[in-house]
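Close look at the chain arrangement
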Amino acid sequence: MTSILTNLFDGVAYGMLLFVLACGLAVTLGLMNFVNLAHGAFAMAGGYVCMVLVNRMGWPFFAALPLAFVSAAAIGIVLERLLYRHLYARSHLDQVLFTIGLTFMSVAAVDYIQGSSRVFINLPSALQGQFDLFGVGIGRYRLMIIVICGLLTIALQMVLAKTRFGSRLRAAVDDPRAASGLGINVPQVFAFTFAFGCGLAGLGGALSAEILGLDPYFPLKFMIYFLIVVTVGGSSSITGPFLASLLLGIGDVAGKYYVPKMGPFVIYTMMIVILIWRPNGLFGRTATR
């Protein structure tokens, strides 16, 4: 029972991390109808910014996390204004080819600048190790991830569902021409949304660097995980990817622990079963614009 609860805790932490890494893609794909396969590159950018600040410049870990978010968001808004905005009205195939090209370019650039070796972030002593709670091993860093990601999830859901910006974003996506007629600056809304999604990816990359490791091939290795989360959860809301992240995180950790030889296949089996049951995802819509 103790090992089951420990694996459950680790699975929830991993699922929360997957959600923060993938929710930016859920925002751009579900709310903006844009397929951004370069999403992992922004996560890698945030991770490397955090690593450089902490490992080489001696910044406190918690001070470097906001810079990881801001740096990825800044890169995102520059690329959105220069490149991405011209592809909003293009087909998904054009978007896929363009963003996968950006991914390979980012991999080559980081490999040239940082080298190909895997790096980790030096954590403060307060986040290292674990403690026992009723016999269950609770990792301090994983507990911190659950707290931060839980707060981010609540805040993101409230922003999209309860604020004026969220209503403007939904209006801009559903009918850009009508939204412009109502005085909504659609390009500005899209630019801010895209930058925010990139910032979340950068924050997720910084948080995941200690668990997943960081190397130039990070965007390619974890691209499939981002797509699985969005596909299984459905791209029409944030609730779907959140629940899908938890489910897949717990299943992945349990599979690798109990059936290590077949562990990597568990998450794909879960995806197939769920999509057979719900072809549009857990919270997907049948009709899209």
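Please refer to the structure placed before this passage.
Being a predicted model, the structure only gives us computed values, none of them experimental. (Residues numbered from 1 in each chain as written. Predicted model: local features only at pLDDT ≥ 70, side-chain atom pairs only at ≥ 80, totals over all residues. Heavy atoms only, no water.)

Direction vectors running N to C along helix α3 (residues 61–82) and helix α8 (residues 186–212) enclose 140°, while the axes themselves pass 7 Å from each other. Taken as axis vectors, α3 and α8 run oblique relative to one another. As α3 packs across α8, the resulting crossing turns out to be right-handed. Residue classes in the contact of α3 with α8 are distributed as 18 nonpolar, three polar and two charged. (Axes fitted to C-alpha atoms, helices over the stretch in contact; angles between N-to-C directions. Helix = DSSP H or I, 4+ residues; strand = E, 2+ residues; numbered from the N terminus. Parallel < 35°, antiparallel > 145°, perpendicular 65-115°, else oblique. Left-handed = near helix turned anticlockwise from the far one by under 90°. Nonpolar A, V, L, I, M, F, W, Y, C, P; charged D, E, K, R; others polar.)

Position of Val-189 relative to the elements: it lies in helix α8. As a C-alpha pair, Val-189 and Thr-153 span 36 residues in sequence and 20 Å in three-dimensional space. If near-sequence neighbours (up to four positions away) are discounted, Val-189 is found in contact with Phe-165, Leu-169 and Ile-184. (Contact = heavy atoms within 4.5 Å.)

What follows deals with the packing of aromatic side chains. Counted by the stated rule, this structure contains twelve aromatic pairs. Where Tyr-84 meets Phe-194, the ring centres are 4.5 Å apart and the plane angle is 45°; that geometry is what we call tilted. Here the residue Tyr-84 occupies a position in the loop between α3 and α4 (92–114), and Phe-194 occupies one in helix α8, the gap between them amounting to 110 residues. For Tyr-84, a relative accessible area of 0% gives the class buried. With a relative accessible area of 0%, Phe-194 lands in the buried category. Residues Phe-218 and Phe-222 carry aromatic rings whose centres are separated by 4.8 Å and whose planes lie at 45° to one another, so their mutual orientation is tilted. Placement of both Phe-218 and Phe-222 in helix α9 (residues 218–233) is noted, with a separation of four residues, approximately one turn of the helix. In this pair, the class of Phe-218 matches that of Phe-222, namely buried. Counting every residue linked through ring pairs, the aromatic cluster contains Phe-34, Phe-42, Tyr-84, Tyr-88, Phe-98, Phe-190 and Phe-194. (Phe/Tyr/Trp six-rings, centres within 6.5 Å; stacked < 30°, edge-to-face > 60°. Buried < 20%, exposed > 50% of the residue type's maximum accessible area, 1.4 Å probe, protein only.)

Any link to function would need more than the numbers given here.
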